[in-house]
Amino acid sequence: MFPDYRNKKAVVIGLARSGVAAANLLNDLGAKVFVTDNADNPKVKSQASDLRAKGIDVETGGHTMDFIRGKDLVVISPGVPDESQALLWAKEFDLPVISEIELAWQQCPATIIAVTGSNGKTTVTTLIAEALKTKGARCFALGNIGLPFSACVRDTTSEDYVSLEASSFQLERVESFRPRVALITNFTQNHLDKNHRGYADISEYLRAKKRIFMNQGKDDYLVLNEDDPVLKSLSKEAKSKIVFFRAKTELNANQSAVMAVASIFGVNENSCREVFRNFKGVEHRFEFVRTIKGVRFINDSKATTTDSTRWALNSISSRAILIAGGQDKGLDYGVISDIVKEKVRVLILIGEAKEKIRKAFEGIIPIKVASSLEEAVDIGFKEARNGDAVLLSPMCASFDMFDDFEHRGREFKEIVNKLHDI
């Protein structure tokens, strides 16, 4: 029995994609919806206008107490920090606060496979959906992957599957969320900057990840990376059935994770391998853009951790001109000094974190600083030699200069496609 939100007063904090989707879902369910956002830029104004046209009350440019007071429910977008004034008021008024994926879960009749981890989530989420489709099933790839869970939940049936990418921020505010299968791809340092919607330490980050399986029972499955000692130890805490995966000679860790999930639902190995062979990759994840004068340009904007950038550099057979930087997430960039020294010809830095990254690699490789992504691409093209790759793999969040990693990746591709082959 799904919760009944008819005539309930619900306030959504945050006008990002998931916030807009939550507002629309609540409105469709008959709730009286209010949306509040601190920002007041053109994009927010456009989204606010669309919601107001549906009869939804929206305030932008700051939060007001009356927008929170007297409501029955608060739904929070993943980017909203705990110290947000709107959240503080919700706590003062003792209002229930849930995440967008909790809201969608409450209304979802489909079988949920939830995927989290420090790296590889989007690729794994996509491949799981494709693998399940080989058995004739309808499967939606949703969540942090780009299309919010709330945007499609009412289109699902009990015969369907949802492959759901869930970030640690989305998991923080789940209460009853119980996926049939929970998968944690890996666990490394990430989001460790409290000043930028991060975590105080790595144990706090792990606690958020563990919420993906906290409501599972003995008939559910928890799929864990056996090569990751932190994740392997979680098997002792779970009530669900444990399935381990590990990288093999013929399968990388992501593929092994997908195969482990697929086997739970009766998808055979040959079908999975066919999916892997046909997979063209995920946009903004090691995405080939074009070759100019023998120089390849690769968009890896989704790489917001050092591990992701290590993977990208290992995937390049040539030397690379690496464009990195953005909003720092509290990472130790020096942990990839070995691969940077081996593979990077020149490091070009942008964004707020450029000084911290420069100190990590100073004296190891040549470093240049750019004031914009366009300047960084221009420098990279000039520094590259025939056969090199200019790689955007930032190791940082995008919010200092861009709306999100997708915006950053699109800008990179537009800049590269405007370069002249002369």
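Here we summarise the structure given alongside this text.

Rules behind the numbers
- Residues numbered from 1 in each chain as written.
- Predicted model: local features only at pLDDT ≥ 70, side-chain atom pairs only at ≥ 80, totals over all residues.
- Heavy atoms only, no water.
- Helix = DSSP H or I, 4+ residues; strand = E, 2+ residues; numbered from the N terminus.
- Buried < 20%, exposed > 50% of the residue type's maximum accessible area, 1.4 Å probe, protein only.
- Contact = heavy atoms within 4.5 Å.
- Areas by Shrake-Rupley, 256 points an atom, 1.4 Å probe, with all protein chains shown as cover.
- Lys, Arg positive; Asp, Glu negative; His and termini not counted.
- Charge placed at Lys NZ, Arg CZ, Asp CG, Glu CD.
- Core = buried A, V, L, I, M, F, W, Y, C linked by side-chain atoms within 4.5 Å.
- Pairing = 2+ DSSP bridges.
- Axes fitted to C-alpha atoms, helices over the stretch in contact; angles between N-to-C directions.
- Phe/Tyr/Trp six-rings, centres within 6.5 Å; stacked < 30°, edge-to-face > 60°.
- Expected span 1.5 Å × (residues − 1).

### Observations regarding the overall build of the protein chain
For the protein chain, the helix and strand inventory stands at 17 helices and 17 strands. Projected onto its principal axes, the C-alpha coordinates of the protein chain cover approximately 65 × 50 × 35 Å. The burial tally for the protein chain puts 57% of its 422 residues in the buried class. Taking the contacts inside the protein chain whose residues are at least 6 apart along the sequence as the reference set, 68% of them involve residues at least 24 apart. Total accessible area computed for the protein chain in this model is approximately 18100 Å², and 47% of it derives from carbon and sulfur atoms. Averaging the coordinates of the 58 positive side-chain charges in the protein chain and doing the same for the 57 negative ones gives two points 3 Å apart.

### Here we look at unusual backbone geometry
One non-glycine residue, Phe286, lies in the positive phi region at around 50°. Structurally, the position occupied by Phe286 is in the loop between helix H12 (269–278) and strand E12 (287–292).

### A word on the nonpolar core
Core analysis: the biggest nonpolar cluster contains 52 residues, and Leu26, Val35, Phe149, Val162 and Phe177 have the highest contact counts within it. The greatest single-element share of this core, amounting to five residues, is contributed by helix H1 (residues 17–28). Judged by nonpolar contacts, the second largest core, of 29 residues, contains Val115, Ala131, Val181 and Val261.

### A short note on the environment of Phe399
Structurally, Phe399 can be placed in the loop between strand E17 (389–392) and helix H17 (405–418). Expressed as a C-alpha distance, the spacing of Phe399 and Pro229, which sit 170 residues apart in the sequence, is 32 Å. With residues up to four places along the chain from it excluded, the contact list for Phe399 reads Gln327 and Asp404.

### Remarks on the sheet that holds strand E3 (residues 57–59)
An order of E3-E2-E1-E4-E5 is seen for the five strands of this open sheet, with the pairing classed as parallel. A single partner strand is all that each edge strand has here, and the edge strands are E3 and strand E5 (97–99). Strand-to-strand twist across the sheet, computed as the mean angle between neighbouring axes with direction ignored, equals 25°. Both strand E1 (residues 9–13) and strand E2 (residues 32–36) contribute to a ladder of five bridges, which runs parallel. Within E2, the position partnered with Val12 by the bridge is Val35. Across the sheet, H1 touches E1, E2 and strand E4 (73–76), and the angle it forms with E1 is around 170°.

### Let's talk about the packing of aromatic side chains
How two aromatic rings sit relative to each other is given by the distance of their centres and the angle of their planes. In total, this model carries six aromatic pairs according to the counting rule given. For the pair Trp105 and Phe177, a centre-to-centre distance of 5.7 Å together with 80° between the ring planes defines the contact as edge-to-face. One end of the pair, Trp105, is in helix H5 (residues 100–106); the other, Phe177, is in the loop between helix H8 (168–171) and strand E9 (181–184), and 72 residues separate them in sequence. Their ring planes at 80° and their centres at 5.2 Å tell us that Tyr161 and Phe265 sit as a pair that is edge-to-face.

### Some details on helix H11 (residues 253–264)
Each turn of an α-helix holds 3.6 residues, which means side chains three or four residues apart point in the same direction. Here H11 contains 12 residues, and its C-alpha end-to-end distance of 17 Å stays within 8% of the 16 Å for a straight helix at 1.5 Å per residue. The complete set of buried residues in H11 reads Gln255, Ser256, Ala257, Val258, Met259, Ala260, Val261 and Ala262. Looking at the buried residues of H11, the elements they touch are strand E6 (111–116), helix H6 (121–133), E9, strand E10 (221–225), strand E11 (241–245) and H12.

### Notes on the sheet that holds strand E8 (residues 161–165)
Taken together, the six strands give an open sheet; going across it, the order is E7-E8-E6-E9-E10-E11, and neighbouring strands pair in parallel fashion. Only two strands of the sheet have a single neighbouring strand rather than two, namely strand E7 (139–143) and E11. The mean inter-strand angle of the sheet, taken between neighbouring strand axes irrespective of direction, is 20°. Bridging between E6 and E9 involves four bridges; their strand directions are parallel. Bridge pairing in E9 places Val115 opposite Leu183. Against the sheet, H6 contacts E6, E7, E8 and E9, and its axis sits at roughly 170° relative to E8. Along the sheet, H11 contacts E6, E9, E10 and E11; its crossing angle with E11, the most-contacted strand, is approximately 145°.

### Notes on the environment of His420
By the element assignment, His420 lies in the segment after H17. For the pair His420 and Glu175, spaced 245 residues apart in the sequence, the C-alpha separation amounts to 53 Å. Those residues within four positions of His420 in sequence are excluded, and the remaining contacts are Ile292 and Phe381.

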